[in-house]
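# Structural features, examined
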Amino acid sequence: MAAVTGASAGAIALVGCGDDDGDNGNGTPAAGETPGGGGQPKQGGTLNGTVSLVLGKDPHKASTFLTHALASYSYSRLYRFKTVIGELPQPEWYTVEPELATNVEMPDATTYIFTLHDGAKFHNLPPVMGRNVTAEDVLYSFDRYRAISPNRANLDMVQSVEPSADGKQVTFKLNEPFGLFLNRIASYQDLWIMPREFVEESETASEDRMLGSGPFIFEELRPGEVMRWRRNPDYFETDERGNKLPYLDGIDLAIITDQNQVLSQFAAGNLHTISVPPQLIDQVRSENPDAIIDTSPRNILSFVYFEPATYTEDKPPFNDVRVRRAISHAIDRDALLRRVSDEGGFWASMPINAGFGETWYLDPQSDDFGENAQYFEFNPDRARELLAEANATNLTVPMHFSSTTYNTIVPYYPIVKDGLAALFDQAGIGIREVPEEYGQYIATTFAGQFDGMAFGLESVFSDIAAYYTNMFYPGDAGGGRNHSSIDDPELVSRIQDMLRLQDLEELRQANFELQRYLAEQMYYVPVVTPVEFGARVPQVKGLLNTSGPTTYGLGTESVRTAWLDV
């Protein structure tokens, strides 16, 4: 992971990745080894990172990854994604392990019984004062999430949640089998466990501060300056020697919006870790010769999408698959990656890109993709032929995009956008650029209210099901990010059949078949996944999952075992 798992690329830069090794597969070092391979871990010190934007503190209310990432220092989930000190092998990306739960039992395909950790306590602050986390807290959090979360459709498969009488177990019953349920429970977007008495203390309590069972206790937010946490002395996890985690005394995130200031603060030694825009990586290497530079593919899908009337009203020109394929043939994906940096990257598939890892991503350049790989070929002549066949020559259309926020959070976005416009022009596709402030873009274009086409980024989901259901189901059936109102009942049926599978290898292969099918249809046109960069000082040790996957459960999936060798 680069700069907090490579996850934030300028939005949150807290922990870099490195060359640490030595683990026993559960985020703690193997016997006889030390965290990070750099000596005995030291207690104390404050880790200094950055955040560019703070958009709330309540993870149940939030749709943005920014809020979930920050909340992860204070709150916990039943399960999280697997963590190891150092580099997590790609086949193990997006596999799960217990967090608040110690284990799960499955007496049948629709029943999950979670046993809670005996030592898990909420922070020792009023009004909870360090009481144990119970099954009733899980039920309360689920009901609240189901009532107010913009992501609540992600857990629509849950029929009921039942706490045991002794409060030590909680049973989830599903409406039907859902093979990726534990991944969904581990999602950073969904079921954070919050105590009722804190949330209901006042109407603004959950936005004024954070209070959970996570490794760090929220201390303060000074808008425009800093966001701070201190160590939770009663955190329930320990290292393999029995030492209490976390090792750090605190986390300080400086709120910095200007990337040049971020780089200068890092060079001055005021920051331990930063995200690095690809166009500035050579500068960072030159100015910080001792810094560790980390690279990783980030799990953000970049794609071109089309006005909803394309599918709802059969409106030309994009209702014709030949025009959509022409758009894809006009894209020189290798050239776009070179524009971003010399480090390159990967071609995106739809809707799964390389940042998801080899278990779920089917590379369009591989032999395994089959004959439908042809639809990714850069061939402007073929694009012109297809446009002529579809009576769409001299095509000129609006292209909507976000002119703010994305440019900071995902620095390659404007570089790729500019490259796309030039490539479309070469293929005889005229573009009228429509820049939109981020808030406007999200409320209109991203929400499916636009004409022409758009270039966008898709949220980082933590299981493939969330991509398929959000982007291809009808809006009233879980398609919260079906930006183009795509209507393909056969596709929806195939997705449903895939998600009922309990055998993960069968599910994986069904997912690959869907990626091949979607390449043929080009309902959305996938673009690229550039490699992204983070930099950290060598004194940061004991990092988890230094190469991936991209999730935003940063508190326990990046920094739980971090320490400073100073």
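Residues numbered from 1 in each chain as written. Predicted model: local features only at pLDDT ≥ 70, side-chain atom pairs only at ≥ 80, totals over all residues. Heavy atoms only, no water.

### Brief notes about the sheet that holds strand β6 (residues 111-116)
Counted only if it meets this: For two strands to count as paired, DSSP must find a minimum of two bridges between them. Elements are defined by DSSP. Helices are runs of H or I of four residues or more, strands are runs of E of two residues or more, and each kind is numbered from the N terminus. Note on definitions: angles span 0 to 180 degrees between N-to-C directions of axes, and those axes are lines fitted to C-alpha atoms, for helices only across the stretch in contact. Contacts are assigned to residue pairs that have any heavy atoms within 4.5 Å of one another.
With antiparallel pairing, four strands are arranged side by side in an open sheet as β5-β6-β8-β7. With one partner strand each, in any of the chains shown, β5 (101-108) and β7 (158-163) form the two edges of the open sheet. With direction set aside, neighbouring strand axes in the sheet form an average angle of 20 degrees. In the sheet, β6 pairs with strand β8 (residues 169-174) via five bridges, with the strands oriented antiparallel. Residue Phe114 lies in a different strand from β8, and its bridge partner there is Val170. Along the sheet face, helix α2 (residues 135-148) touches β6, β7 and β8 and points at about 150 degrees away from the line of β7.

### Some words on the pattern of salt bridges
Side chains that differ in charge, positive against negative, can pair when their charged atoms come close. Filter applied, for reference: Salt bridges are defined by distance alone: a side-chain nitrogen of Lys or Arg within 4 Å of a carboxyl oxygen of Asp or Glu. Exposure is judged per residue with a 1.4 Å probe applied to protein chains only, and the accessible area is read against the type maximum: over 50% gives exposed, under 20% gives buried, and values in between give partly exposed.
Enumeration over the complete set of coordinates arrives at 31 salt bridges. The partner of Glu505 in a salt bridge is Arg508, and the shortest N-O contact between them spans 3.3 Å. Of the two residues, Glu505 and Arg508 are both situated in helix α17 (residues 504-521); the distance of three residues between them amounts to about one turn of the helix. Its relative accessible area of 21% is what places Arg508 among the partly exposed residues.

### Side note on the nonpolar core
Taken as a class, soluble globular proteins show a tendency for nonpolar side chains to be buried jointly. Our working rule: For the purposes of this section, nonpolar cores are sets of buried Ala, Val, Leu, Ile, Met, Phe, Trp, Tyr and Cys residues that join through side-chain atoms within 4.5 Å.
Grouped together as the largest cluster of nonpolar side chains are 175 residues, with contacts concentrated most on Phe114, Phe172, Phe181 and Phe472. Those residues in contact with Phe114 that sit more than four places away from it in its chain are Leu78, Tyr79, Ala101, Asn103, Val104, Lys168, Gln169, Val170, Phe172, Phe181, Leu182 and Ile185.

### What about the sheet that holds strand β17 (residues 429-436)?
The strands making up a sheet associate through backbone hydrogen bonding, with each pair oriented either parallel or antiparallel. The mixed open sheet is built from five strands, whose spatial order is β17-β16-β18-β14-β19. Two strands close off the open sheet at either side, each with one partner strand: β17 and β19 (525-526). Relative to strand β18 (residues 453-458), strand β16 (residues 395-402) runs parallel, the two sharing two bridges. Opposite Met399, over in β18, you have Met453 as the bridge partner.

### Some details on unusual backbone geometry
Negative phi characterises most residues that are not glycine, and trans characterises most peptide bonds. Cis geometry marks the peptide bond from Leu245 to Pro246; its omega dihedral reads -5 degrees. Residue Pro351 is reached from Met350 by a cis peptide bond, and omega for that bond is 0 degrees. Here Pro351 lies in the loop between β15 (345-347) and α11 (380-389). Positive phi, close to 60 degrees, is recorded for Tyr94, a residue that is not glycine. As for its placement among the helices and strands, Tyr94 is situated in the loop between β3 (79-81) and β4 (96-98). Although it is not a glycine, Asn391 sits at a positive phi angle of roughly 55 degrees. Topologically, Asn391 is positioned in the loop between α11 and β16.

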